[in-house]
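# Examining the three-dimensional arrangement
Take a look at the letters that make up each chain.
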Amino acid sequence: MERLQKFLAKAGVSSRRQAENLIRDGRVKVNGRVVREIGSKIDPRRDKVTLDNWEITAAEKKVYIMLNKPPRVITSLRDPAGRLKVTDLLKGVEERVYPVGRLDYLTEGLLLLTNDGELAYRLSHPSYEVDKTYIAVVRGNVGEKALGKLRGGIWLEDGPTRPALVKRLAGGKGWTKLEITIHEGKNRQVRRMCEAVGHPVLSLKRVRYGPLYLGDLASGAYRHLKPGELRALQTACRFN
Ligand code: URA
């Protein structure tokens, strides 16, 4: 929530003092109703503010957030089933951000959220797509033959996957831990690749997105990107 005069000033309409006069003069409406109280608060993401019946939109500052998405949280901004959404985890973020790409309901790890539409578009576009690295625990003992198939590219129902970097990190009775780096972002790609070689995924976590690393960010926690990280991301999709 934000004071109306501050919202008007931030949107570049006038100084905060002048905005108070506009409010007193009855020239400002919130959701169609004239508001004359100086202390009134609005929700810049939901309320419609007009000055002399012209809509005023906030000049939002660009924000870039890295979230460690927990499993059982959805990436979509709306869910008819009422499940927890990634944006529900961003307490204290005022800007209306949206996820860049998606992670499945059960997948955890690095998810980027921003209100920079141009950067988000480029990062999701096939010609700029950045490498993503996942840690997958899969069923069974993955042998050289399956590793070779995963590395070489696999035919999925919507076409072939590009060659992937695949390392076997560990294994036990009935499971193998793999590090998989892919370049494109087909729907449920890692799960479908592993399934196609007979080793269904038991758990999946994204630990790298282009130049960004999840590091020790706790599950469910988020942080703003550092300036150097943002520059690296912009460079990765030739944005500067
Ligand atoms: N690959 C998958 O299978 N799921 C994800 O969430 C991301 C990549």
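Each remark here, short or long, concerns the structure printed above.
Parameters and conventions
- Residue numbers here run from 1 along each chain, matching the order of that chain's written sequence.
- In view of the model being predicted, local features appear only for residues whose pLDDT reaches at least 70, and side-chain atom pairs are presented and counted only at 80 or more, with totals across whole chains, interfaces and linings using the full set of residues.
- Excluding hydrogens and water, the side-chain values take into account all heavy atoms of the structure.
- Definition used in this section: a nonpolar core is a set of buried Ala, Val, Leu, Ile, Met, Phe, Trp, Tyr and Cys residues joined via side-chain atoms within 4.5 Å.
- Exposed residues in this analysis have more than 50% of their type's maximum accessible area, buried residues have under 20%, and partly exposed residues fall in between, with area computed by a 1.4 Å probe over protein chains only.
- Contacts between residues were defined by any pair of non-hydrogen atoms, one from each residue, lying within 4.5 Å.
- Definition used for salt bridges: Asp or Glu carboxyl oxygen within 4 Å of a side-chain nitrogen of Lys or Arg.
- Any two strands with at least two DSSP bridges between them are considered paired.
- Under the scheme used here, helices are H or I runs from DSSP no shorter than 4 residues and strands are E runs no shorter than 2 residues, and both carry numbers assigned from the N terminus.
- Asp and Glu are treated as the negative residues and Lys and Arg as the positive ones, with His and the ends of the chain left uncounted.
- Distance and chemistry together define a polar contact, namely a pair of N or O atoms within 3.5 Å, with one atom able to donate a hydrogen and the other to accept it when in protein, and with adjacent residues in sequence counting only for side-chain atoms on both sides.
- Under the pairing criterion, centres of Phe, Tyr and Trp rings, with the six-membered ring standing for Trp, must be within 6.5 Å; the plane angle then separates stacked pairs below 30 degrees from edge-to-face pairs above 60, leaving the rest tilted.
- Only when the NZ of Lys or the CZ of Arg is both within 6 Å of the ring centre and within 35 degrees of the ring normal is a charge said to sit over the ring.
- Working definition: residue near molecule or strand if any one of its non-hydrogen atoms lies within 4 Å of it.
- For accessible areas, the Shrake-Rupley method is used with a probe of radius 1.4 Å. Any residue's cover is judged against the shown protein chains and nothing else.

### Topic: the nonpolar core
Counting 32 residues, the largest nonpolar core has Leu 113, Leu 178, Ile 180 and Val 190 as the members making the most contacts within it. If we ignore the near neighbours within four places in the chain, the residues touching Leu 178 are Tyr 134, Ile 135, Ala 136, Val 138, Val 142, Leu 147, Leu 150, Val 166, Lys 167, Arg 168 and Leu 169. Residues Val 100, Leu 110, Leu 119 and Tyr 209 belong to the second largest nonpolar core, which totals 17 residues.

### Topic: the pattern of salt bridges
Scanning all chains against the criterion turns up eleven salt bridges. Across the salt bridge formed by Arg 83 and Asp 79, the nearest N and O atoms sit 3.0 Å from each other. The network of salt bridges with common partners includes Arg 102, Asp 104 and Arg 191.

### With respect to the sheet that holds strand β3 (residues 33-34)
Read across the open sheet, the four strands follow the order β3-β2-β5-β6; overall the sheet is antiparallel. Bordering the open sheet on either side are β3 and β6 (54-56), each of which pairs with just one other strand. As judged from the two bridges shared by strand β2 (residues 28-30) and β3, these two strands associate in the antiparallel manner. Residue pairing in the sheet places Lys 29 in a bridge with Val 34 of β3.

### Details of the side chain of Arg 206
Examined against the element boundaries, Arg 206 turns out to sit in strand β15 (residues 201-209). Of the side chains with opposite charge, Glu 129 lies nearest to the buried Arg 206, which makes no salt bridge, at 8.3 Å. Side chain to side chain, Arg 206 and Tyr 134 meet in a polar contact 3.2 Å long. Apart from residues no more than four positions distant in its own chain, Arg 206 is found in contact with Leu 103, Glu 108, Gly 109, Leu 110, Leu 111, Lys 132, Thr 133, Tyr 134 and Leu 214.

### Overview of the packing of aromatic side chains
Following the criterion strictly, the structure yields zero aromatic pairs and no others. Between Arg 83 and the ring centre of Tyr 105, over which it is positioned, the NZ or CZ distance is 4.7 Å.

### Side note on the site of the ligand
Taken together, Leu 103, Asp 104, Thr 107, Tyr 134, Arg 188, Gln 189, Val 190, Arg 191 and Leu 204 are the residues near the ligand. Within the contact set of the ligand, a nitrogen atom lies 3.2 Å away from a backbone nitrogen or oxygen of Val 190. For the ligand, whose unbound accessible area comes to 240 Å², protein coverage reaches 95%. Of all the elements, helix α5 (residues 189-196) adds the most residues to the shell around the ligand, at three residues.

### Examining the environment of Ile 182
With respect to the helices, strands and loops of the structure, Ile 182 is situated in strand β14 (residues 175-182). A C-alpha to C-alpha distance of 5.7 Å links Ile 182 and Asp 131, two positions 51 residues apart in sequence. If we ignore the near neighbours within four places in the chain, the residues touching Ile 182 are Val 130, Asp 131, Lys 132, Tyr 134, Ala 164, Gln 189, Val 190 and Met 193.

### Concerning α5
Because the α-helix completes a turn every 3.6 residues, residues three or four places apart line up on one side. Within α5, six of the eight residues are buried, which leaves the element mostly enclosed by the surrounding structure. For α5, the full list of buried residues reads Gln 189, Val 190, Arg 191, Arg 192, Met 193 and Cys 194. A positive phi of about 85° marks Gly 198, the residue just after α5.

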